[in-house]
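# Summary of the model geometry
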Amino acid sequence: MQDIEIGYRFNNTKFEFGLNGYGMFYKDQLIPTGEISDTGSPIRQNVKNSYRIGLEFDGTWNISKQLNWKATASFSQNRIKNFEEIVKDINGVSPDTKIFYSKTDIALSPGTILSSNFAYSPIEVLTFSLLSKYVGRQYLDNSSAKERSISSYFVNNLLANYSFTALGIKNINATLQINNILNEKYETNGYTFGGMDGDTRKYYNFYFPQAPTNFMLGLNIKF
């Protein structure tokens, strides 16, 4: 693998941000095929030529003493060059079907990932945060087929953190986190398998759905 990167960082009392561009060029990269084994482990294969090229950003804006905003963004192209997909005959009668792609997306490699964190502290010991994350479409296999993919999703969580002292203990943190406050229905991972049935390609997608709105309480004590 050859990795080429260039970056820039800036900061002052109000703003801080970083920008990084990269290009990673692979020979015989080991990538997922989209299928899993009988024990549930991802099946992988080597591909001769592939690359990951992208731009990454992270920044902080101190809007006031009580309010700040942190954000990250990643935009990338994750591609295989001259890829030959082998699709088996599900009846075990016909020979394998070979499909050639001059350029196709690497499985489970979203091209866009965004995150945001608005934090508000009305008093020094209490902080409220709105955590947001967006993940773009991910393909379950290496064919760039929309029908075998995970749709993009946008999820928001709320976090409250309160620090206090009690019973001679100087560092106690109580947290309440409400996850998926908009009750988004989404999946973050999955797999697919199938094959050719005559001239028709059949496939079966399986997804790992995430929890609807839920909450967690936490208490951390440091002596």
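Up top is the structure these notes are about.
The model shown is predicted, which means the values in this text are computed figures rather than measured ones.

### Here we look at the pairing of strand 4 (residues 67-87)
Here strand 3 (residues 42-62) pairs with strand 4 via 14 bridges, running antiparallel. Directly across from S50, in strand 4, lies its bridge partner I80. Taking the residues between adjacent antiparallel strands as the criterion, strand 3 and strand 4 are bridged by four residues. As paired elements, strand 4 and strand 5 (residues 97-105) share eight bridges and run antiparallel to each other.

### A closer look at the pattern of salt bridges
Once their charged atoms are close, side chains differing in charge can pair, the charge on each being opposite to the other. According to the stated counting rule, one finds nine salt bridges in the structure shown. Residue R9 is joined to D58 by a salt bridge in which the shortest nitrogen-to-oxygen separation is 3.0 Å. Placement of R9 in strand 1 (residues 2-11) and of D58 in strand 3 is noted, with a sequence separation of 49 residues between them. Since its relative accessible area comes to 48%, R9 is described here as partly exposed. Among the residues examined, D58 registers a relative accessible area of 31% and is labelled partly exposed. E85 is the partner of R201 in a salt bridge, and the nearest nitrogen-oxygen pair spans 2.6 Å.

### What to know about the nonpolar core
Core analysis: the biggest nonpolar cluster contains six residues, these being I31, V47, I80, F83, Y101 and I106. Residues within four places of V47 in sequence aside, it is in contact with K27, D28, Q29, I31, I80 and F83.

### What about the environment of I172?
Along the polypeptide, I172 turns up in strand 11 (residues 169-179). As for I172 and L219, which are separated by 47 residues in sequence, their C-alpha atoms are 7.2 Å apart. Aside from chain neighbours lying at most four places away, what touches I172 is Y162, S163, F164, T165, A166, L219, N220 and I221.

### A short note on unusual backbone geometry
One non-glycine residue, N82, lies in positive phi territory at about 50 degrees. In this structure, N180 takes a positive phi of about 55 degrees despite not being glycine.

### Focus: the layout of surface pockets
It is the rolling of a water-molecule-sized probe over the atoms that shows where space remains empty. Quantified by volume, the largest pocket comes out at close to 440 Å³. If you trace the largest pocket, you find 21 residues lining it, with T33, E35, E85, I86 and V87 closest to the centre. Those elements that place two or more of their residues in the lining of the largest pocket are strand 2 (15-36), strand 3, strand 4, strand 12 (187-197) and strand 13 (200-209). Element by element, the count of residues in the lining of the largest pocket is highest for strand 4, at five residues. Looking at side-chain class alone, the lining of the largest pocket contains six nonpolar, seven polar and eight charged residues. Estimated volume of the second largest pocket: approximately 170 Å³. Contributing to the lining of the second largest pocket are P32, G34, E35, I36, G40, P42, R44, L108, N189, G190, Y191 and F208. Of all the secondary structure elements, the ones that give two or more residues to the lining of the second largest pocket are strand 2, strand 3 and strand 12. Ranked by residues supplied to the lining of the second largest pocket, first place goes to strand 2 with four residues. Grouping the amino acids of the lining of the second largest pocket by side-chain chemistry returns six nonpolar, four polar and two charged.

### As for the environment of K146
Tracing the backbone shows K146 in the loop between strand 8 (138-139) and strand 9 (149-150). In the structure, K146 is positioned 30 residues away from L176 in sequence and 38 Å away in space, judged by C-alpha atoms. Those residues in contact with K146 that lie beyond four places of it in its chain are R137 and Y139.

### A few points about the packing of aromatic side chains
Counting across every chain of the model gives 12 aromatic pairs. Look at Y162 and F164: their rings are 5.4 Å apart centre to centre, the planes differ by 20 degrees, and that puts the pair in the stacked class. Exposure remark for F164: the relative accessible area of 27% places this residue in the partly exposed category. Note on Y191 and F208: the rings are 6.2 Å apart at their centroids and 50 degrees apart in plane angle, and the pair reads as tilted. In this pair, Y191 is assigned in strand 12 and F208 in strand 13, connecting sequence segments 17 residues apart. Grouping aromatic residues by their ring pairs yields a cluster made of Y191, F193, Y204, F206 and F208.

Thresholds, definitions, all that
Residues numbered from 1 in each chain as written. Predicted model: local features only at pLDDT ≥ 70, side-chain atom pairs only at ≥ 80, totals over all residues. Heavy atoms only, no water. Pairing = 2+ DSSP bridges. Helix = DSSP H or I, 4+ residues; strand = E, 2+ residues; numbered from the N terminus. Salt bridge = Lys/Arg side-chain N within 4 Å of Asp/Glu carboxyl O. Buried < 20%, exposed > 50% of the residue type's maximum accessible area, 1.4 Å probe, protein only. Core = buried A, V, L, I, M, F, W, Y, C linked by side-chain atoms within 4.5 Å. Contact = heavy atoms within 4.5 Å. 1 Å grid on protein atoms, 1.4 Å probe; cavity = no way out; pocket = protein on both sides within 12 Å on 5 of 7 lines; lining within 4 Å. Points joined across faces, edges and corners; volume = space filled by probe spheres on them. Nonpolar A, V, L, I, M, F, W, Y, C, P; charged D, E, K, R; others polar. Phe/Tyr/Trp six-rings, centres within 6.5 Å; stacked < 30°, edge-to-face > 60°.

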